[in-house]
There are 2 protein chains.
Amino acid sequence: MTAVPPPPRMSLAPALLDIQACIRSQLDRVPAEMWRIVRADAPIIESVNAHLTGMKGKMFRPTVLLLASRVDGAPDERGVRMAAVTELIHLASVVHDDSVDHSPLRRGMPTINALFSHQVAVIAGDYLYSRALAELVAVGDLELLRVLTGASNAMTLGELRQLASYDALQFSEQDYWMLVQAKTASLLGAAAEAGALCGAPRFRRQLARFGHLLGMAFQVADDLLDYTESESVTGKPSGNDLKEHKVTLPLIAALPRLSQAQRARVEAVFAASVPAEDQIADVVAIVHECGGIDVARRKGEEFAAEAESALVDVPASEARQALIDALAYVMDRRS
Amino acid sequence: MTAVPPPPRMSLAPALLDIQACIRSQLDRVPAEMWRIVRADAPIIESVNAHLTGMKGKMFRPTVLLLASRVDGAPDERGVRMAAVTELIHLASVVHDDSVDHSPLRRGMPTINALFSHQVAVIAGDYLYSRALAELVAVGDLELLRVLTGASNAMTLGELRQLASYDALQFSEQDYWMLVQAKTASLLGAAAEAGALCGAPRFRRQLARFGHLLGMAFQVADDLLDYTESESVTGKPSGNDLKEHKVTLPLIAALPRLSQAQRARVEAVFAASVPAEDQIADVVAIVHECGGIDVARRKGEEFAAEAESALVDVPASEARQALIDALAYVMDRRS
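Quantities reported herein were computed from a predicted structural model and do not represent experimental measurements.

**Re the pattern of salt bridges**
Now for step 1: What the rule picks out here adds up to 34 salt bridges over all chains.
Now for step 2: Taking the shortest distance from any N to any O, the salt bridge between A:Arg24 and A:Asp28 comes out at 2.9 Å. Taken as a pair, A:Arg24 and A:Asp28 lie in helix H2 (residues 24–38) at a separation of 4 residues, close to a single helical turn.
Now for step 3: Taking relative accessible area as the criterion, A:Arg24 reaches 27% and is therefore assigned partly exposed.
Now for step 4: With its nearest N and O atoms 3.5 Å apart, the salt bridge here joins B:Lys243 to B:Glu277. Of this pair, B:Lys243 sits in helix H11 (residues 240–243) while B:Glu277 sits in helix H14 (residues 277–289); the two residues are 34 residues apart in sequence, bridging distant segments of the chain.
Now for step 5: B:Lys243 sits in the partly exposed class, given a relative accessible area of 26%.
Now for step 6: Within the structure, one salt-bridge network assembled from shared partners comprises A:Glu33, A:Arg36, A:Arg81 and A:Glu135.

Written as structure tokens, this is what we have:
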């Protein structure tokens, strides 16, 4: 009997394309704007850029920024440029993260470190970041500069803290929240706040808070996928974070509820430099059994609810609704 | 017979301490200012910072910035802060360069990549740069931001170009000048220009040009040291650039004058993944013999003379004289 792939799960959550509908024309201009900013007369830059274009992500940060700029009815022209700058800052951090983690693939495409070299990845990340910053300086708005350099600071500090924590199973829930704030919530918060500065300044505080909480929900949902979403090839959850000895909320929530025997099996995974597939599957099952998934899902939903209430003062509009739909999209996504 | 170390060469060139005399009290405040900017509540940051403090360099960029700020008699209070930001940008690029080159030592101290890890070096460099930028944003002067982000762009682009050039012996004199401009002249030019913005804005153009040319002379002189300065242990020139297959001006200038036999010996060094000490010494001797040293020294002196004439409109003062003395110091230094 050959394995039959599970039927696609039906979802009531909004699709990303629908969320982006009211900013479609602006969003479609962001990639060209990004490549304008990083263009340089050097073949190496061209090939790095061409590759990064190919692995273009979902443009989630530009989406949030452009939607935020539209909630008060008067988005200004800087939105597209700022969306490009924000995505470049994200891309720079992704290039360095992949290099630090020695990741060979991202979204199924080879990473810069894999395709070129570790060296090129370090300097290409610096280049993307420094081009983004120079563009931000050219825009000439100190508040925008403040918002985005603040997020970069938080991101790098968070990364350093993560590198320094070597006893993975001592990683506490508080450590986890600090990390999520630094690596995801800070830039999504900054994207929403920068969007506010480009068209809805009177909702700056609310949108910053919304973006931050959206980022918290986003990362929790992302960390859940590793434990819940079956891979197309194996039909089993990937457990990738476990393989890399990364401790995220589902495991943290399960840890205090483990039996001694279960604890020993978890510790064995963290003691093995390359844990076996069935060890990973076993720990994934333990985390489910001990309620780690439920706790994490509930936490994500709490963040989403808080994020929604951050927008209570913002009048109804298509853009506001799209931001709220983005919460449901984040909580329900499969990849 | 045991080898007797050569007597210290007497020099008429000014000492760095004398050059720094008129800015001493400000310069002494720069390190504390640097650590204020990068301080964070994380043990890893503290140990990285403590280590970087230990390997503190000559503070050459802060020196140039503070002197430039003083040539018109009214240095403003931002000078020390800007000197700290500029040195941090330099330090960030040094940390990434060492990591990319896998250098174990700098100024006789272990590098961040050697002492901690390659990963920590990548993220620590990001952290230093992002803190420097945030401080620059806090200063709130868009011109200063423009000058320093422009230099960072040039530096990263230069590094990328260098990584991309894999056939070392095809590296032309023009490639060399582009690289020197990017990696050294851009930040020294920016330091002098930022100094001008902190007290001598009417000499901004002249000081920027001076700093740029000082940087060109500085790098040429630095590249000469590898071929000329005897190491204390071996008593012979280090030839470190040759060992790492880095082609600099002395070799570039010698190349067209080599006999076929000499050319073959040079090519052998570049074909060997780890060239032998006597191969290096041989190529150093060839470069001397074929006039590479003389050409490079003459070029350095031309830049120094051009730099001096860039200050022709600047009225005489202790600070102006110290900048001119810095040219002689750069051309005559031993390490």
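Moving on from the model shown.
**Digging into the relation of the copies chain A and chain B**
What connects the two chain copies is a rotation about an axis and a shift along it.
Now for step 1: Rotating chain A by 180° and moving it 0.0 Å along the rotation axis overlays it on chain B with an RMSD of 0.0 Å. Expressed as a symmetry operation, the mapping of one chain copy onto the other fits a two-fold axis. In terms of proximity to the rotation axis, the leading residue of chain A is A:Val122, whose C-alpha is 3.4 Å off the axis.
Now for step 2: By residue overlap, the copies meet face to face through one surface: 100% of the interface positions of chain A are interface positions in chain B.

**Brief notes about helix H10 (residues 204–228) of chain A**
Now for step 1: Helix length check: H10(A) (25 residues) gives 35 Å between terminal C-alpha atoms against 36 Å at 1.5 Å per residue, within 8%.
Now for step 2: For H10(A), a buried count of 19 out of 25 residues is recorded, marking the element as mostly surrounded by other parts of the structure.

**Some remarks on the packing of helix H5 (residues 78–101) of chain B against helix H9 (residues 173–197) of chain B**
Packed helices, taken two at a time, are described by the angle between their axes plus the distance between the axes.
All names here are of chain B.
Now for step 1: Contact pair H5 / H9: the axes reach a minimum separation of 10 Å and the direction vectors enclose 165°. Considering their axes alone, H5 and H9 lie roughly antiparallel with respect to each other. For the pair H5 and H9, the sense of crossing is right-handed. Of the residues in H9, those touching H5 at Arg78, Thr86, Ile89 and His90 are Leu187, Ala191 and Leu197.
Now for step 2: Its residues placed into classes, the contact of H5 with H9 shows 4 nonpolar, 2 polar and 1 charged.

**Re the interface of chain A and chain B**
Now for step 1: With 36 residues of chain A in contact, the opposing surface of chain B contributes 36 residues.
Now for step 2: Carbon and sulfur atoms make up 73% of the surface buried where chain A meets chain B, a total of about 3,400 Å² over both sides.
Now for step 3: At the boundary of chain A and chain B, one finds 0 salt bridges.
Now for step 4: If you list the elements that add at least two residues to the side of chain A that touches chain B, you get helix H3 (43–54), helix H5 (78–101), helix H7 (118–139) and helix H8 (142–164) of chain A.
Now for step 5: No other element matches H7(A), which puts 14 residues into the side of chain A that touches chain B.
Now for step 6: Looking at the side of chain A that touches chain B, its residues break down into 20 nonpolar, 10 polar and 6 charged.

**So, unusual backbone geometry**
Now for step 1: Phi is positive for A:Met59, which is not a glycine, with a value near 55°.
Now for step 2: On the secondary structure map, A:Met59 appears in the loop between H3 and helix H4 (60–68).

**Considering the side chain of B:Arg61**
All names here are of chain B.
Now for step 1: Relative to the helices and strands, Arg61 is located in helix H4 (residues 60–68).
Now for step 2: No salt bridge is formed by the buried Arg61. Its closest oppositely charged neighbour is Glu87, at 5.0 Å.
Now for step 3: At 3.3 Å, the side chain of Arg61 and the side chain of His90 are in polar contact.
Now for step 4: When neighbours within four sequence positions are excluded, Arg61 is seen to be in contact with Thr86, Glu87, His90, Leu187, Leu188, Ala191 and Phe218.

**Re the nonpolar core**
Now for step 1: Among the nonpolar cores identified, the biggest contains 241 residues, and A:Phe60, A:Leu207, A:Leu251, B:Phe60, B:Leu207 and B:Leu251 are the most heavily contacted of them.
Now for step 2: Leaving out residues up to four positions away in the same chain, A:Leu207 has contacts with A:Ala68, A:Val71, A:Ala192, A:Ala196, A:Ala200, A:Leu311 and A:Leu323.

**Here we look at the environment of B:Arg39**
All names here are of chain B.
Now for step 1: Within the secondary structure, Arg39 is located in the loop between helix H2 (24–38) and helix H3 (43–54).
Now for step 2: Taking the C-alpha atoms as reference points, Arg39 and Val284, separated by 245 residues in sequence, lie 44 Å from one another.
Now for step 3: Setting aside anything within four residues of it in sequence, one finds Arg39 in contact with Asn49 and Tyr127.

**Observations concerning the packing of helix H15 (residues 292–310) of chain A against helix H16 (residues 318–332) of chain A**
Residues and elements named next belong to chain A.
Now for step 1: The interhelical angle for the contact between H15 and H16, taken along N-to-C directions, is 170°, at an axis separation of 10 Å. As judged from the angle between their axes, H15 and H16 are roughly antiparallel. Taking contact as the criterion, the partners of Arg297, Gly300, Glu301, Ala304, Ala307 and Glu308 in H15 are, on H16, Ile324, Leu327 and Met331.
Now for step 2: Grouping the constituent residues of the contact of H15 with H16 by class yields 5 nonpolar, 1 polar and 3 charged.

**Remarks on the side chain of A:Gln26**
Now for step 1: Among the secondary structure elements, A:Gln26 is positioned in helix H2.
Now for step 2: Leave out the neighbours within four places in its chain, and A:Gln26 touches A:Leu66, A:Arg70 and A:Val80.

**Here's the deal with the environment of B:Leu66**
Residue and element names in this part refer to chain B.
Now for step 1: Inspection of the secondary structure puts Leu66 in helix H4.
Now for step 2: Here the alpha-carbon distance between Leu66 and Gly199, two residues 133 residues apart in the chain, equals 9.3 Å.
Now for step 3: With residues near it in sequence (within four places) discarded, Leu66 still touches Ile23, Gln26, Leu27, Val30, Gly79, Val80 and Ala83.

Conventions adopted
Residue numbers run consecutively from 1 along every chain, following the written order of its sequence. Just so you know, chain letters begin at A and ligand numbers begin at 1, following the order they were written in. Thresholds applied to this predicted model are a pLDDT of at least 70 for local features of residues and 80 or more for the giving and counting of side-chain atom pairs; totals over whole chains, interfaces and linings are not thresholded and use all residues. With hydrogens and water stripped out, all remaining heavy atoms of the structure feed into the side-chain values. Here a salt bridge means any side-chain nitrogen of Lys or Arg lying within 4 Å of a carboxyl oxygen belonging to Asp or Glu. Each helix is a run of DSSP H or I of at least 4 residues and each strand a run of E of at least 2, with the numbering of both proceeding from the N terminus. Each residue is placed in one exposure class: buried if its accessible area under a 1.4 Å probe, protein chains only, is under 20% of its type's maximum, exposed if it is over 50%, and partly exposed if it falls in between. Each copy is superposed on the other by least squares, with the fit set by C-alpha atoms of residues at a pLDDT of at least 70 in both. Contact definition: two residues touch when any of their heavy atoms are within 4.5 Å. The span you would expect from a helix comes to 1.5 Å times its residue count less one. To get an axis, fit a line to the C-alpha atoms, keeping to the stretch in contact for a helix; angles then go from 0 to 180 degrees between the N-to-C directions. To sort the angles, those under 35 degrees are grouped as roughly parallel, those over 145 as roughly antiparallel, those from 65 to 115 as roughly perpendicular, and the leftovers as oblique. A clockwise turn of the near helix away from the far one marks a right-handed crossing, whereas an anticlockwise turn of less than a right angle marks a left-handed crossing. When residues are sorted by character, Ala, Val, Leu, Ile, Met, Phe, Trp, Tyr, Cys and Pro go into the nonpolar class, Asp, Glu, Lys and Arg into the charged class, and all the rest, Gly among them, into the polar class. Here the buried area means the combined drop in accessible surface, using a 1.4 Å probe, for two parts upon being joined, counting both sides. Charged residues are defined narrowly, with Lys and Arg counted positive, Asp and Glu counted negative, and His plus the chain ends left uncounted. Between N or O atoms, a polar contact is any pair within 3.5 Å; within protein, one atom must be a potential hydrogen donor and the other a potential acceptor, and residues adjacent in sequence are included only when both atoms are from side chains. What we call a nonpolar core is a set of buried Ala, Val, Leu, Ile, Met, Phe, Trp, Tyr and Cys residues that are connected through their side-chain atoms within 4.5 Å.

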